[in-house]
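Coordinate inspection notes
Spelled out, the chains give:
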Amino acid sequence: MTQEGHSAWLQRVVDDNPEDGQYINIPERPIEAEPQLWHDLYWRAWDALRYERTYGAFGGELPVSYLAISQYARDHDITGQDFHTFRSLFGVIDAAWLEEVARRQKEKT
């Protein structure tokens, strides 16, 4: 569930139970975290490529390969400096995902 989805769900709980609403903290998204139109390119790319990665024998995940990223970029006419920016920002999203996966694995053990 996304933070936006989580907040919307909490708001529905508060709306359905106004007497308990005072005890429910609905987190506010900072202004700098508000989605922007240009973010969509990177989220669509990550969604398309998220499983184009190597998985380790013990369940670990490696970053999405350069080959997959560069092929996606070619398919969508992302070239030159735009490709370098695309690859960097895509890598940030993917690294955040891998950190989350590692955190979840650590919690299980």
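All values reported here derive from a predicted model rather than from experimental measurement.

Of all hydrophobic cores here, the largest spans 14 residues; its most connected members are Leu-49, Val-64, Ile-69, Phe-83, Phe-86 and Phe-90. Within the residue set of this core, elements represented by two or more residues are α2 (39-49), α3 (66-75) and α4 (80-108). Beyond its immediate chain neighbours, meaning those up to four positions away, Ile-69 contacts Leu-49, Val-64, Phe-83, Phe-86, Arg-87 and Phe-90.

Any two side chains of opposite charge can pair, given that their charged atoms come close. Overall, the coordinates contain six salt bridges when judged by the stated rule. Across the salt bridge formed by Asp-94 and Arg-53, the nearest N and O atoms sit 2.5 Å from each other. Highlighted residues: Asp-94 in helix α4 and Arg-53 in strand β1 (residues 53-55), separated in sequence by 41 residues. Judged on exposure class, the residue Asp-94 and its partner Arg-53 are both buried. Two residues, Arg-103 and Glu-100, come together in a salt bridge whose shortest N-O distance is 2.5 Å. With Arg-103 and Glu-100 both in helix α4 and three residues apart, this pair spans about one turn of that helix. Classification of Arg-103 by relative accessible area gives partly exposed; the value is 38%.

Here we take up the packing of aromatic side chains. Counted under the stated rule, the structure contains six aromatic pairs. When the ring of Trp-43 is compared with that of Trp-46, the centres are 6.3 Å apart and the planes differ by 85°; the resulting orientation is edge-to-face. In this pair, Trp-43 and Trp-46 both sit in helix α2, three residues apart, roughly one turn of the helix. Site record: aromatic cluster; members linked through ring pairs are Tyr-42, Tyr-72, Phe-86 and Phe-90.

What follows deals with the side chain of Ser-70. With respect to the helices, strands and loops of the structure, Ser-70 is situated in helix α3. Classification of Ser-70 as buried rests on a relative accessible area of 7%. Here Leu-67 takes part through its backbone oxygen, which lies 3.1 Å from a polar atom of the side chain of Ser-70.

Turning our eyes to something else, we now look at the packing of α3 against α4. Between α3 and α4, the least distance of the axes is 11 Å, while the angle of their chain directions is 130°. Comparing the axis directions of α3 and α4 gives the class oblique. In the packing of α3 onto α4, the handedness of the crossing is right-handed. Contacts between α3 and α4 involve Tyr-66, Ile-69, Ser-70, Tyr-72 and Ala-73 on the former and, on the latter, Phe-83, Phe-86, Arg-87 and Phe-90. Its residues assigned to classes, the contact of α3 with α4 comprises seven nonpolar, one polar and one charged.

Procedures and definitions
- Residues numbered from 1 in each chain as written.
- Predicted model: local features only at pLDDT ≥ 70, side-chain atom pairs only at ≥ 80, totals over all residues.
- Heavy atoms only, no water.
- Core = buried A, V, L, I, M, F, W, Y, C linked by side-chain atoms within 4.5 Å.
- Buried < 20%, exposed > 50% of the residue type's maximum accessible area, 1.4 Å probe, protein only.
- Helix = DSSP H or I, 4+ residues; strand = E, 2+ residues; numbered from the N terminus.
- Contact = heavy atoms within 4.5 Å.
- Salt bridge = Lys/Arg side-chain N within 4 Å of Asp/Glu carboxyl O.
- Phe/Tyr/Trp six-rings, centres within 6.5 Å; stacked < 30°, edge-to-face > 60°.
- Polar contact = N/O pair within 3.5 Å; in protein donor to acceptor, adjacent residues only side chain to side chain.
- Axes fitted to C-alpha atoms, helices over the stretch in contact; angles between N-to-C directions.
- Parallel < 35°, antiparallel > 145°, perpendicular 65-115°, else oblique.
- Left-handed = near helix turned anticlockwise from the far one by under 90°.
- Nonpolar A, V, L, I, M, F, W, Y, C, P; charged D, E, K, R; others polar.

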